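# Chains, contacts and geometry: an overview
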Amino acid sequence: MAKVIDGKAISSAMLDKVAADVSALKAAGVEPCLAVILVGDDPASQVYVRNKHRACERVGIRSVSHLLPADTTQQALLDLIDTLNDDDTVHGILCQLPLPAHLDAEQVLLRIRPDKDVDAFHPANVGRITIGNAELLPCTPAGVMEMLRYEGISPAGKHCVVIGRSNIVGKPMALLLLAANGTVTVCHSRTPDLASFTRQADILVCAVGKRGLVTADMVKPGAVVIDVSINRDENGKLCGDADYEAVSKVASAITPVPGGVGPMTIAMLMRNTVTAANAQSR
Ligand code: NAD
């Protein structure tokens with residue numbers, strides 16, 4: 001039976017460390033601050049923003065929420081970002097996605113100052129991730145790397161197969177595994193015979209968003225399976241892409257959904273905010 005990689009416990013340990021770093025910064029006269037922008041009233045986004053606020057409270061980061069109405073104009077949103085960019089007491093800025101359809105998310109992400117871009121979505125940060133000298137790392141893939149490190153699982157020399165090529169998860173995940181000396185294969189919606197690739201994986205990262213996509217016969221015995229996806233089953237219960245029960249019998253380690261990668265993402269956001277505050281107070 002696979003070892004269950006406990007994202008809640010690992011993220012809790014990480015948050016303790018972040019809290020200590022926050023205390024040190026405060027002692028040096030810097031109060032780390034995260035500004036979160038939410039446009040509209042999407043219920044899932046409201047939950048995410050609330051969770052980020054709670055995590056800030058737990059580690060001692062000041063958090064400021066900017067809740068804007070759904071009919072906010074592009075200019076008003078850009079103006080708010082400019083104000084936050086210029087505010088020396090704000091170290092991290094994130095704009096909760098998705099934005100209402102009339103807003104241009106790409107332009108919004110480009111407006112956030114790269115050193116305050118705690119989601120690490122700005123092309124300047126993506127470029128730095130690509131060449132391997134980034135300070136701010138994309139939260140979900142960085143959370144996966146922390147989990148692997150915590151569990152003593154090194155990607156070095158391993159075949160790492162990532163299913164999914166989004167800008168938020170799949171692509172940066174592949175880059176971080178590559179930087180850690182993994183041999184990386186990226187699979188996606190146009191990959192023929194997905195199983196022929198997944199069966200070669202020593203570390204398999206699932207980031208598609210399709211329940212039941214990864215079955216036990218697609219997993220090499222002893223592989224580590226990291227399930228990033230958050231889906232719902234027919235009873236509304238959260239689940240990932242992998243058939244958890246069956247894959248657990250084949251893999252050596254696996255992340256559950258919920259309680260796996262999810263809690264790591266928010267811990268990494270807290271870490272990025274502290275990293276940003278540190279860099280801006282140098
Ligand atoms: P996305 O929809 O942007 O990308 C999905 C990717 O899957 C695409 O690159 C696509 O090419 C690929 N794909 C689609 N069908 C496929 C198939 N049949 N075979 C192989 N590849 C296929 O999604 P995303 O934003 O990358 O998120 C992926 C999943 O991760 C979602 O379930 C999302 O909810 C979850 N997620 C979780 C966290 C977290 O904190 N745990 C964070 C971000 C996203």
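Look up: the structure comes first, before these words.
Just so it is clear, the model here is predicted, and its values are computed rather than measured.

## Brief notes about the pairing of strand S3 (residues 62-68)
Note: strand S2 (residues 33-39) against S3, 7 bridges, orientation parallel. When the bridges of S3 are listed, valine 36 appears paired with serine 65. Following the chain from S2 across helix H2 (residues 43-59) to the adjacent parallel S3, one finds a crossover that is right-handed.

## Describing the sheet that holds strand S4 (residues 92-95)
Read across the open sheet, the 3 strands follow the order S3-S2-S4; overall the sheet is parallel. At either end of the open sheet lies a strand with only one pairing partner, and these are S3 and S4. In this sheet, neighbouring strand axes are inclined to one another by 15 degrees on average, regardless of whether the strands run parallel or antiparallel. Both S2 and S4 contribute to a ladder of 4 bridges, which runs parallel. When the sheet's bridge partners are listed, isoleucine 37 is paired in S4 with cysteine 95. Sheet strands touched by helix H3 (residues 74-86): S2, S3 and S4. Its angle to S2, the strand with the most contacts, is close to 180 degrees.

## Quick look at the site of the ligand
The immediate surroundings of the ligand are formed by 20 residues, with Arg165, Ser166, Ser189, Ile230 and Thr265 found nearest. Arginine 165 places a polar main-chain atom, nitrogen or oxygen, 2.8 Å from an oxygen atom of the ligand. Side-chain polar atom of threonine 265 to an oxygen atom of the ligand: 2.7 Å apart, as the coordinates give it. Alone, the ligand offers 850 Å² of accessible surface; in the complex the protein occludes 71% of this. In terms of residue count, helix H10 (residues 261-280) provides more of the shell around the ligand than any other element does, 3 residues in total. Residues belonging to the shell around the ligand are distributed by class as follows: 8 nonpolar, 10 polar and 2 charged.

## A word on the sheet that holds strand S7 (residues 203-206)
Within the open sheet, the 6 strands sit side by side as S1-S11-S8-S7-S5-S6. Their pairing is parallel. Both outer strands of the open sheet, strand S1 (3-4) and strand S6 (183-187), are each paired with one neighbouring strand and no more. Where strand S8 (residues 224-227) lies against strand S11 (residues 253-254), 2 bridges are found, and the strand directions are parallel. By the bridge assignment for S11, valine 225 is matched with isoleucine 254.

## Observations concerning the pattern of salt bridges
Following the criterion strictly, the structure yields 11 salt bridges and no others. The residue glutamate 31 makes a salt bridge to arginine 62 at a minimum N-O spacing of 3.4 Å. You can see glutamate 31 sitting in the loop between helix H1 (7-27) and S2 and its partner arginine 62 sitting in strand S3, a full 31 residues away along the chain. Taking the relative accessible area as the measure of exposure, arginine 62 reaches 32% and is therefore partly exposed. Here arginine 111 ties to aspartate 82 by a salt bridge, and the two come within 2.9 Å at their closest N and O atoms. Placement of arginine 111 in helix H4 (residues 105-111) and of aspartate 82 in helix H3 is noted, with a sequence separation of 29 residues between them. Looking at aspartate 82, the relative accessible area reads 25%, which means it is partly exposed. Residues joined in a network through salt bridges with shared partners are Glu146, Arg149 and Arg271.

## Here we look at the packing of helix H6 (residues 139-150) against H10
It is at 8 Å that the axes of H6 and H10 come closest, and there the two elements cross at 105 degrees. For the element pair H6 / H10, the angle class is roughly perpendicular. On H10, the residues touching Cys139, Thr140, Ala142, Gly143, Val144, Glu146 and Met147 of H6 are Val261, Met264, Thr265, Met268, Leu269, Arg271 and Asn272.

Cut-offs used in this document
- Residues numbered from 1 in each chain as written.
- Predicted model: local features only at pLDDT ≥ 70, side-chain atom pairs only at ≥ 80, totals over all residues.
- Heavy atoms only, no water.
- Pairing = 2+ DSSP bridges.
- Helix = DSSP H or I, 4+ residues; strand = E, 2+ residues; numbered from the N terminus.
- Right-handed = clockwise from strand over helix to strand, strands pointing away.
- Axes fitted to C-alpha atoms, helices over the stretch in contact; angles between N-to-C directions.
- Contact = heavy atoms within 4.5 Å.
- Near = heavy atom within 4 Å.
- Polar contact = N/O pair within 3.5 Å; in protein donor to acceptor, adjacent residues only side chain to side chain.
- Areas by Shrake-Rupley, 256 points an atom, 1.4 Å probe, with all protein chains shown as cover.
- Nonpolar A, V, L, I, M, F, W, Y, C, P; charged D, E, K, R; others polar.
- Salt bridge = Lys/Arg side-chain N within 4 Å of Asp/Glu carboxyl O.
- Buried < 20%, exposed > 50% of the residue type's maximum accessible area, 1.4 Å probe, protein only.
- Parallel < 35°, antiparallel > 145°, perpendicular 65-115°, else oblique.

Remember that the coordinates give geometry; whether it matters functionally is a separate question.
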